[in-house]
Amino acid sequence: MKKLLFTILFTSLFFGSSSLAYGAELYFSSQDNVRVGNTFEVSVLFDTGGESVNAADIEISFNQNLLTFAGYKESEGVLGFWIERPHIENGKIRLTGVIPGGVTGSYDPNKNGQQPVSLAKIIFTAKSTGVANLYFTKSQILKNDGLGTELNHTKKSKVVSIYKKSEEIKEYVEPTPQVIEGETPVGTEVPADTESPDKFVLEYFESSLFLRTPSMLTFYGYDAGSGVARYEMKIGNKDWRVVESPYNIGESLFKRQVTVRAYDHAGNFKDSTIVVPGSITLWVIVIFITLTLFAFAVYEFLLIYHRRKRKGL
Amino acid sequence: MLNKSFKKVFLILISASFIFFPLFSIADETLTVTATVSSGSTPSPSGGGGAPYIPPTSIRFSGQAYPNGKVLLIKNKNIIAEVLVSNLGDFSITFEEPTDRNIMYSLYAVDSAGVQSIILNYQVYLSTGYLTHLSGILFPPTLSLDRYSAYSGDDLSIFGFAIPERALELKIEGKDIKTFNIISNKDGVYNIIVPLFNFKSGQYKIYTKYKEQALTSKVLPFELLIEDKNPEVKSKIPGDCNFDDRINLKDFSILSFWYKKKNPPTCLDVNHDKIINLVDFSIFAYYWTG
């Protein structure tokens, strides 16, 4: 009886403690079959298991010979404050962001209780036939507990079959097109993004408040269609160059006009301009000229005075 | 024999309950989400063969905050709607949505003294032509202290706003843990004066919540000083290096600048590991005020 009791208690504690983390799972949601040339969306979903989470760092691997990363749907993920917006790094998609206040799940009037939260929605284009594998090579998700505690979770990969344009998709029965959980129905292509990113604000922070942090320009663009792909900056008449926010603008004697251009993944762009003040202001220039003139006048006066004195006048 | 079998069955049932159910109840919020066909707009008269009328797609949030305060709705980092809260603490905020997808909304409330609540986030699936209503939202109480450091023997005043005449639980956690049961008055105000003579010196955190709710207010730090030590000039929010009592996009930008850089400013490195990484951002996000 004691042995049985011990076994049961051990089992209870072992499975009981693991059941606390049960449900915390990171996975993909997308259509299973696409055709070459199709652009389709893949949701990165997270079942929090009831925990409030506020930060995620995720790396996704995919077959680059079959798929092309074509952007992300900025409006359909909770990671709005990007530390690193979705981008390709060493052949993998990397995304890092935070959710101020945290989130436990999403709400759907057609379903009971909280549903998994959509962390991000990635857009892919199928470029050749085959079976594409999507899987997480790294994932760090932190609890909204004021301590940054990591939430243990399981990960699930996803397989997407890519068919020729004319090829019949096997085991695929044409259903009545219907939108489920905001997903694009099977076989439907994501419409091309023809809209420019939204108007965005350029902000200049002087370094005086934070002595070790230099003067910076910050810019956070927003593009609902395919997400911001990159920023380019033009200072005065200099050439455009690729930059990231926040940007160390450095100090200059004179004021500068700075334009930042936000490009989305479809190549549309939006400009925003700011005039960054220089160290020399108009008043400093006026005072400098006045003092120079005054010094010159004194010098002339003394010169004339000494000449007259030498002549004995 | 029967007794033994009963014990076995009982133990197995207990074990099974551990296996299939979490040890703690984690979700106690009684949120309800419904979708109904939008009303209020009438279809414009059209000749035969016109496009079918689709009612507007909209989202409504309702629940309780703080009497005579306000509730603000945020989408894509912008405030899109603001409503006043009734003197009983009820609010309802509706927004017509041009899109019909999975959208992330954030809500926060401000009490009548201007103190901000925590941020509540809701990702909601919207359907075209439907009014999606998320009801039963309950903002945890706001929390303020009259000081952030004191000496043993001093009194600490803790106050804030909640729903009128509601039971609250206030916790002071540190070397000592004390719990106080209080009730808000008919205006939603609560106030408690805590004598500190029997507390040990050190760092404490203070928070409050409704008795029946797990979600807590903001967590505020407090330091009980040793008699000969002068209070340090410290922000009440970790990472608030400019002492403006806010954690917002400006602080986020500064933290982003130092991301993955070694030897960052001490006040930004909130977990003191000499590097700015995801953990620092998570702590920032927890204390975010906007």
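Given the structure is predicted, the values throughout are model-derived calculations rather than measurements.

### What about the overall build of chain A?
(1) Moving on: Secondary structure assignment for chain A yields two helices and 19 strands.
(2) Moving on: Looking at chain A as a whole, 34% of its 313 residues qualify as buried.
(3) Moving on: Long-range pairs, those at least 24 residues apart, make up 71% of the contacts in chain A with a sequence separation of at least 6.

### Some details on the overall build of chain B
(1) Moving on: Of the regular secondary structure elements, chain B holds three helices and 16 strands.
(2) Moving on: Split into buried and exposed, the 290 residues of chain B put 34% on the buried side.
(3) Moving on: Taking as baseline every contact in chain B between residues at least 6 positions apart, the subset at least 24 positions apart corresponds to 59%.

### A look at the packing of helix α2 (residues 249–257) of chain B against helix α3 (residues 278–286) of chain B
Residues and elements named next belong to chain B.
(1) Moving on: α3 packs onto α2 with a crossing angle of 175 degrees between their chain directions and a minimal axis gap of 11 Å. On the basis of the axis angle, α2 is roughly antiparallel to α3. Counted together, D251, F252 and L255 of α2 and D280, F281 and F284 of α3 form the full contact between these two elements.
(2) Moving on: Counted by class, the contact of α2 with α3 contains four nonpolar, no polar and two charged residues.

### A short note on the environment of P214 of chain A
Residue and element names in this part refer to chain A.
(1) Moving on: Within the element layout of this structure, P214 appears in the loop between β13 (202–205) and β14 (216–219).
(2) Moving on: Residue class for P214 comes out partly exposed when judged on the 16 C-beta atoms lying within 10 Å of it.
(3) Moving on: The contacts of P214, once residues within four sequence positions are left out, are S207, N248 and G250.

### Points about the environment of K77 of chain B
Residues and elements named next belong to chain B.
(1) Moving on: Tracing the sequence through the fold places K77 in the loop between β3 (70–75) and β4 (78–84).
(2) Moving on: A count of 13 C-beta atoms within 10 Å places K77 in the partly exposed class.
(3) Moving on: Distance from K77 to S106, taken between C-alpha atoms, is 8.7 Å for residues 29 residues apart in sequence.

### Overview of the confidence of the model for chain A
Residue and element names in this part refer to chain A.
(1) Moving on: Residues of chain A with pLDDT of at least 70 account for 83%, and the chain-wide mean is 85.
(2) Moving on: When the elements of chain A are averaged for pLDDT, helix α1 (residues 2–21) gives the smallest value, 45, and strand β4 (residues 53–62) the largest, 97.
(3) Moving on: Scored below 50 in pLDDT, residues 8–21 shows 20 contacts in the model against residues more than four places distant or in partner chains.
(4) Moving on: Contacts for the low-pLDDT stretch residues 172–186, under 50 throughout, to residues beyond four places or in other chains number 18 contacts.

### A short note on the nonpolar core
(1) Moving on: Counting 122 residues, the largest nonpolar core has F124 of chain A together with Y105, V124 and F284 of chain B as its most contacted members.
(2) Moving on: In this structure, F124 of chain A is in contact with F40, V42, L67, T68, F69 and A70 of chain A, ignoring residues within four places of it in sequence.

### Focus: the domain arrangement of chain B
(1) Moving on: For chain B, the assigned domains are domain 1 (32–36 + 54–138), domain 2 (140–234) and domain 3 (238–290).
(2) Moving on: Each of domain 2 of chain B and domain 3 of chain B was reduced to a C-alpha centroid, and the two centroids are 25 Å apart.

Cut-offs applied
Residues numbered from 1 in each chain as written. Chains lettered and ligands numbered in written order. Predicted model: local features only at pLDDT ≥ 70, side-chain atom pairs only at ≥ 80, totals over all residues. Helix = DSSP H or I, 4+ residues; strand = E, 2+ residues; numbered from the N terminus. Buried ≥ 20, exposed ≤ 12 C-beta atoms within 10 Å, placed from the backbone. Contact = placed C-beta atoms within 7 Å. Axes fitted to C-alpha atoms, helices over the stretch in contact; angles between N-to-C directions. Parallel < 35°, antiparallel > 145°, perpendicular 65-115°, else oblique. Nonpolar A, V, L, I, M, F, W, Y, C, P; charged D, E, K, R; others polar. pLDDT = per-residue confidence, 0-100. Core = buried A, V, L, I, M, F, W, Y, C linked by C-beta atoms within 7 Å. Domains from an automatic or database assignment.

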